[in-house]
Amino acid sequence: MVMRISSTPSTVDRGGLILLFLGYVSSSMFGLSLGVALPEIMMDFSINVTQAGWLYSAPLWSVAILLTPSGYLADRFGRKRVLLLGYLLLTIGATATGFSRGYFDCLAALVGAGAGLGLLVPPYYAMVGEALKRARGLAIGLAASLYNLGGSVGSILLGIFVSQHQWRFAYYIMGALVFLMMVALFVRLRPPRRQTESSSGLNVRSSFKNTMKQRNVFISSISVLIASIGYYAAAAWLPTFLLSSVRVDAAGVGLVFGSFMLIGVVAMPAVGALSDRITRRLTVCLTGIASAAVSVSMFATQYSFWLSVAYSIALGFLLVPAWNLLITIGQESVREEFVTSVTGLVQTFALVGSAVGPIIAGSLIPTLGINQALLYSITLPAVIYGVLALTTVESRRK
């Protein structure tokens, strides 16, 4: 069953769309690269592992707290305003991280930068989806894949400066890049359409209650939480599995795990484009069941190093697209003025799953061993979200 929802013309032209993509690459350079700088930061500030863990998790908590409010604020006051506010806070936070002279300075700067990321992500996804309504699966997949690309670029940049004991300069560069993208987006993006008080006020204030009544939004939120549990269980414990069970050395682990992560850059837009041709719910179901089959074979059999590379690529390719596909299902289920709220809501559930997944798998390892723990914590979620996706009602905008 396919439900049609009318929509309004896009306020994002081709140039604005390109700048949105480039801006997200610059912002994700900060979001995924902190781990590379942590050892050097620990030495500079003379902090222990626990304190370093708080540095790493602080921006993640800021993002988690602000994703849903950001969606509401963007629908209430305009996507462009909230997007630019996010870039401003990220600019200040990233630059302040480089200038920090102590542990608490750095912690506060990272919290501020995470707040910026949390604010800009929902309007970014909503604007990309609005710009490419007829190929929203491809659009959201491409939009999400750029996070992995930016994280890789940021990690390489930080690695270069860390090797020279100059980690601060990497954050100066990131702050400058984010600032330049903020200015470019301010100039290029069209002003938001004027809305009446009826649509921008009363309707948006009740959007959370109304959207949660939508079956697709509820199912997408629960499904993306379950999908994130499986994916981040794999992301957290796959290196340990490779070292202990496959007997791969440290260099080999880097190659295999890097393949698992980077394949998402290709998988998200490719599978998103496929979902534009067939139904999204069928695409989620097929990739979920297929990833469960790969997981069973990967964690229940013995194999060589190169086969572990192939398994990791296949698992990453099949697991990661569920995230952007489920966001797309949620977006297409509501009117355009509520899209950003739904985007933030679904992403909040995804972030909760990303925090819970490694804990669930880790708690199973002492009892079951790492092979069985990963088998259950990856295979079962994949089957569950694949089946749940079939209960959604396919929605496409005209």
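Rules and cut-offs
Residues numbered from 1 in each chain as written. Predicted model: local features only at pLDDT ≥ 70, side-chain atom pairs only at ≥ 80, totals over all residues. Heavy atoms only, no water. Core = buried A, V, L, I, M, F, W, Y, C linked by side-chain atoms within 4.5 Å. Buried < 20%, exposed > 50% of the residue type's maximum accessible area, 1.4 Å probe, protein only. Helix = DSSP H or I, 4+ residues; strand = E, 2+ residues; numbered from the N terminus. Contact = heavy atoms within 4.5 Å. Axes fitted to C-alpha atoms, helices over the stretch in contact; angles between N-to-C directions. Left-handed = near helix turned anticlockwise from the far one by under 90°. Expected span 1.5 Å × (residues − 1).

Caption draft 1: Here's a closer look at the nonpolar core. L20, F30, L83 and Y124 are the most contacted members of the largest nonpolar core, which has 102 residues in total. Examining the composition of this core, we find that 12 residues originate from one element, helix α5 (residues 103-131), more than from any other. Filtering out sequence-adjacent residues up to four positions away, L20 remains in contact with V12, L83, Y87, Y124, M127, V128, L185 and L189.

Caption draft 2: Just the packing of helix α14 (residues 321-331) against helix α15 (residues 339-368), in detail. The geometry of α14 relative to α15 is characterised by a closest axis approach of 9 Å and an angle of 145 degrees between their N-to-C directions. Crossing hand, α14 versus α15: right-handed. For the pair formed by α14 and α15, the contact residues are W323, I327, G330 and Q331 on the first element and V339, V342, T343, V346, Q347 and A350 on the second.

Caption draft 3: Structural view of unusual backbone geometry. A positive phi angle is found at S46, which is not glycine, with a value near 55 degrees. Tracing the backbone through its elements, the reader meets S46 in the loop between α2 (34-45) and α3 (49-77). A relative accessible area of 66% means that S46 is categorised as exposed.

Caption draft 4: Helix α1 (residues 14-31), seen in detail. With 18 residues, α1 ought to run about 26 Å at 1.5 Å a step, and its terminal C-alpha atoms sit 26 Å apart, in line with that. Of all the 18 residues making up α1, 14 are buried; the element is thus mostly covered by neighbouring parts of the structure.

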